[in-house]
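Observations on chain architecture
Listed below, chain by chain, are the residues.
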Amino acid sequence: MKTLRTQKKVKSILKVYSRNISTNIANAEILNHVQRDFPTMSKSTFYRYINALKDLWILFEIESWNISLRAKSSIKKTSKKEFIDPSISPSILNLNSEMMIYDLETFQRFFENLCIRDLMVYTSFRNGKIYYYEDRYGLSIDCILQLDNNDYALIQFELSRLTFDDAAGKLLKMDKLIERKIDDGTINIKRPKFLAIITSIGFSYVRSDGVKVIPICILR
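Below: a short report on this structure. (Residues numbered from 1 in each chain as written. Predicted model: local features only at pLDDT ≥ 70, side-chain atom pairs only at ≥ 80, totals over all residues. Heavy atoms only, no water.)

Within the largest apolar cluster, 22 residues are counted, with the highest numbers of intra-cluster contacts made by W65, Y133, I144, L154 and M174. For this core, the secondary structure elements donating two or more residues are β3 (129–134), β4 (140–146), β5 (152–158), α7 (164–183) and β6 (194–199). Broken down by element, this core gets its largest block of residues, seven residues, from α7. Judged by nonpolar contacts, the second largest core, of 20 residues, contains V16, I21, V34 and F110. (Core = buried A, V, L, I, M, F, W, Y, C linked by side-chain atoms within 4.5 Å. Buried < 20%, exposed > 50% of the residue type's maximum accessible area, 1.4 Å probe, protein only. Helix = DSSP H or I, 4+ residues; strand = E, 2+ residues; numbered from the N terminus.)

Counted by the stated rule, this structure contains zero disulfides. With no disulfide of its own, C143 lies closest to C115 among cysteine sulfurs, the gap being 8.9 Å. There is no disulfide at C217, and the cysteine sulfur nearest it, in C115, is 11 Å away. (Disulfide = S-S within 2.5 Å.)

Under the definition given, this model contains eleven salt bridges. One salt bridge connects D118 with R117, and the closest N-O pair in it is separated by 2.7 Å. Of the residues examined, D118 reaches a relative accessible area of 11% and is grouped as buried. The class for R117 is partly exposed, based on a relative accessible area of 26%. (Salt bridge = Lys/Arg side-chain N within 4 Å of Asp/Glu carboxyl O.)

Before going further, it helps to examine unusual backbone geometry. The residue W57 is not glycine, and still its phi comes out positive at about 60°. Residue placement: W57 occurs in the loop between α3 (43–55) and β1 (59–64).

Turning our eyes to something else, we now look at the layout of surface pockets. Where empty space is left can be seen by rolling a probe of water-molecule size over the atoms. By volume, the largest pocket amounts to about 450 Å³. Surrounding the largest pocket, 22 residues form its lining, Q108, E112, D142, F157 and E158 being those nearest its centre. Counting residues per element, the ones that place at least two in the lining of the largest pocket are α6 (104–122), β3, β4, β5 and α7. Looking at the lining of the largest pocket element by element, the count peaks at four residues for α6. Within the lining of the largest pocket, the residues separate by chemical class into six nonpolar, eight polar and eight charged. Taken as a whole, the second largest pocket encloses approximately 320 Å³ of empty space. In terms of lining residues, the second largest pocket is bounded by 17 residues, among which L119, T123, L145, L147 and F194 are the most central. (1 Å grid on protein atoms, 1.4 Å probe; cavity = no way out; pocket = protein on both sides within 12 Å on 5 of 7 lines; lining within 4 Å. Points joined across faces, edges and corners; volume = space filled by probe spheres on them. Nonpolar A, V, L, I, M, F, W, Y, C, P; charged D, E, K, R; others polar.)

Right, let's get into helix α2 (residues 27–37). Every buried residue of α2 is listed here: N27, I30, L31 and V34. Seen along its axis, α2 keeps its buried residues to an arc of 100°; they face one direction. (Arc of directions from axis to C-beta.)

With two bridges joining them, β1 and β3 adopt parallel strand pairing. Residue pairing in the sheet places S64 in a bridge with Y132 of β3. Where β3 meets β4, five bridges bridge the pair, whose relative direction is antiparallel. Residue I130 lies in a different strand from β4, and its bridge partner there is L145. (Pairing = 2+ DSSP bridges.)

Let us now look at the packing of α2 against α3. Running from N to C, α2 and α3 point in directions that differ by 105°, and their axes come no closer than 11 Å. The angle between the axes of α2 and α3 places the two elements in the roughly perpendicular class. Note on element contacts: α3 touches α2 through K43, F46 and Y47, opposite N27, I30 and L31. (Axes fitted to C-alpha atoms, helices over the stretch in contact; angles between N-to-C directions. Parallel < 35°, antiparallel > 145°, perpendicular 65-115°, else oblique. Contact = heavy atoms within 4.5 Å.)

This brings us to the side chain of T123. If you trace the backbone, T123 turns up in the loop between α6 and β3. Residue classification places T123 among the buried residues on the basis of a relative accessible area of 11%. Residues within four places of T123 in sequence aside, it is in contact with G128, L145 and L147.

Taken as a whole, this structure holds four aromatic pairs when the rule is applied. Taken together, a centroid distance of 6.0 Å and an interplanar angle of 55° make the contact between Y17 and F83 tilted. Residue Y17 is located in helix α1 (residues 2–19), and its partner F83 is located in strand β2 (residues 80–83); the two are separated by 66 residues in the primary sequence. Judged by its relative accessible area of 0%, F83 is buried. Both rings, one in F46 and one in Y47, keep their centres 5.3 Å apart while their planes meet at 75°; by these two values the pair is edge-to-face. Take F46: its relative accessible area is 0%, and that puts it in the buried class. Judged by relative accessible area, Y47 falls into the partly exposed class, the value being 29%. (Phe/Tyr/Trp six-rings, centres within 6.5 Å; stacked < 30°, edge-to-face > 60°.)

Interpretation note: all reported values are geometric properties and have no functional meaning in isolation.
Have a look at this one:
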């Protein structure tokens with residue numbers, strides 16, 4: 001009976017994660033959702049489950065990029081929630097490919113999880129690290145991919161060509177912000193190696209603004 005109850009608690013946690021995959025939802029909010037099913041679950045018990053799921057390579061988190069581009073109070077620092085296996089989210093939520101066509105916002109978050117997992121694998125030989133950036137001024141970058149020599153790239157994940165211009169605009173705005181902070185001596189880092197949009201289909205090319213477009217199928 002205890003084992004069955006434990007399984008139900010784990011499934012409840014995984015469901016909340018799945019609904020909020022690739023977002024920086026706070027752990028306290030996840031716990032609040034879980035407590036609707038299990039009101040007596042304590043904070044310490046919740047974190048035991050979370051840590052166990054991380055140790056089992058089921059969950060992992062993406063930290064906020066800790067660079068002083070804005071006032072510290074304006075940068076969101078809550079970690080993004082991801083699954084090691086991107087197929088877990090749709091499976092837990094009982095979603096098939098047809099259902100996801102009608103919920104592109106959720107599909108976009110699943111796609112981001114998939115891209116992050118692939119980038120982690122393909123850059124592991126260079127100790128690749130992945131961060132995200134979001135501030136209260138509306139500027140957000142899905143992925144800052146950094147290698148062991150401190151080279152890094154700014155990356156957005158987009159399913160549709162219809163959102164490429166908006167994604168490129170964010171990347172270019174971030175690039176200019178970094179350049180300005182380097183020039184005024186606020187930060188001491190390199191400029192990004194490149195700016196890129198990783199997408200689901202099509203072919204690779206470089207936009208007129210210099211942003212690379214890369215289909216996920218050629219990430220190797």
